[in-house]
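In case you want the letters, here they are:
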Amino acid sequence: MYGSDSDGLRAARAQLVGYSARLLDDGLAVGSAGNMSIRTVDAVAITPSGIPYNGMRPEDVCLVAMDGTELANSETPSTETPMHLAIYAATAAAAVVHTHSPEVIALSASRSELPAIHYAITGLGGPVRVAPYVRFGSAGLAAAAVGALDGRSAVILRNHGAVTYGRDLAQAYDRALLLEWLARTYRMALSYGEPATLSAAELDEVTAETRRRRYGERRQP
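Residues numbered from 1 in each chain as written. Predicted model: local features only at pLDDT ≥ 70, side-chain atom pairs only at ≥ 80, totals over all residues. Heavy atoms only, no water.

Asks: Explain the overall build of the protein chain to me, please; I cannot follow it from the model alone.
Replies: Regarding its fold elements, the protein chain presents six helices and eight strands. Compactness check: the protein chain gives a C-alpha radius of gyration of 17 Å against a globular reference of 17 Å for 221 residues, within 12% of the reference. Summarising its shape, the C-alpha atoms of the protein chain cover approximately 55 × 45 × 30 Å along the three principal directions. Scored against the burial criterion, the 221 residues of the protein chain give a buried share of 46%. Of note, the protein chain has its 20 positive side-chain charges centred 5 Å away from the centre of its 23 negative side-chain charges. (Helix = DSSP H or I, 4+ residues; strand = E, 2+ residues; numbered from the N terminus. Rg over C-alpha atoms; globule rule 2.2 N^0.38 Å. Buried < 20%, exposed > 50% of the residue type's maximum accessible area, 1.4 Å probe, protein only. Lys, Arg positive; Asp, Glu negative; His and termini not counted. Charge placed at Lys NZ, Arg CZ, Asp CG, Glu CD.)

Here is the structure:
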């Protein structure tokens, strides 16, 4: 988590601008859709509303307190600020990424969850739930997202998009990419017929083995 001093906030803002540009390149959003944030010690840095990513500057990134109070912003914070704040209040998240990725949106319109089509879904906590549709920017959407995130680090929002969180922005963003890949893989599997999916016991075995091997962790020097 970044500190609340000027250097920490500057780093958080710069990172948000950099990753926001990637949303377009990676096909996770179009125009100015989607948003992301980083929790600092005593505030949340969040992308502004309505500013195209290719024109966003670090000084455009907004700061809000955990109660939603704006902290001397030159731009309007994202319309999904209530959802970001609700996720921070309910989890240990240090960063949140909200996407409008096409595979996930397509799945959200026809399924109640993304099943375990591949064991990599354990990186999101298991099968990803689809939260019921609620209007964007509302307290109801924030509550629906938090409810569907229970035990997960990703949620799909019906007819809207997806949200992932992590210990930092890099992890939250990687989870957004993984979620879109899993949704695309599931769609491809459906084209062959009804796909086999992994059971809860099989996923638990993957999780246990991942922990035993400390998979993905760097070796200490």
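So much for the structure itself; the text now carries on.
Asks: Where do I start with unusual backbone geometry in this structure?
Replies: Glycine aside, the phi torsion of most residues is negative, and most peptide linkages are trans. At Ala72, a position not held by glycine, the phi torsion is positive, near 50°. Mapped onto the elements, Ala72 comes out in the loop between strand S3 (62–64) and helix H2 (81–90). Here Asn159, not a glycine, exhibits a phi torsion of approximately 55°, which is positive. Note that Asn159 resides in the loop between strand S7 (154–157) and strand S8 (161–166).

Asks: Explain the sheet that holds strand S6 (residues 128–131) to me, please; I cannot follow it from the model alone.
Replies: Strands in a sheet are paired, the pairing made by backbone hydrogen bonds, and the direction either parallel or antiparallel. Within the open sheet, the eight strands sit side by side as S3-S2-S1-S4-S8-S7-S6-S5. Their pairing is mixed. Taken across any chain shown, the strands that pair with only one partner, and hence form the sheet edges, are S3 and strand S5 (113–114). Relative to strand S4 (residues 95–99), strand S1 (residues 35–39) runs antiparallel, the two being bridged by four bridges. In the strand pairing of S4, Ile38 is matched with Ala95. Those strands touched by helix H1 (residues 6–25) are S1, strand S2 (44–46), S3 and S4, and its axis lies near 155° from that of S1. On top of the sheet, helix H4 (residues 139–148) reaches S6 and S7; it is set at about 135° to S7, its chief contact. (Pairing = 2+ DSSP bridges. Contact = heavy atoms within 4.5 Å. Axes fitted to C-alpha atoms, helices over the stretch in contact; angles between N-to-C directions.)

Asks: Where do I start with helix H6 (residues 200–213) in this structure?
Replies: At 3.6 residues per turn, the α-helix brings residues three or four places apart onto the same side. When the terminal C-alpha atoms of H6 are compared, their 20 Å separation across 14 residues agrees well with the 20 Å that a helix rising 1.5 Å per residue should span. For H6, a buried count of one out of 14 residues is recorded, marking the element as mostly open to its surroundings. Looking one or two residues past H6, Arg214 carries a phi angle of roughly 55°, positive in sign. (Expected span 1.5 Å × (residues − 1).)

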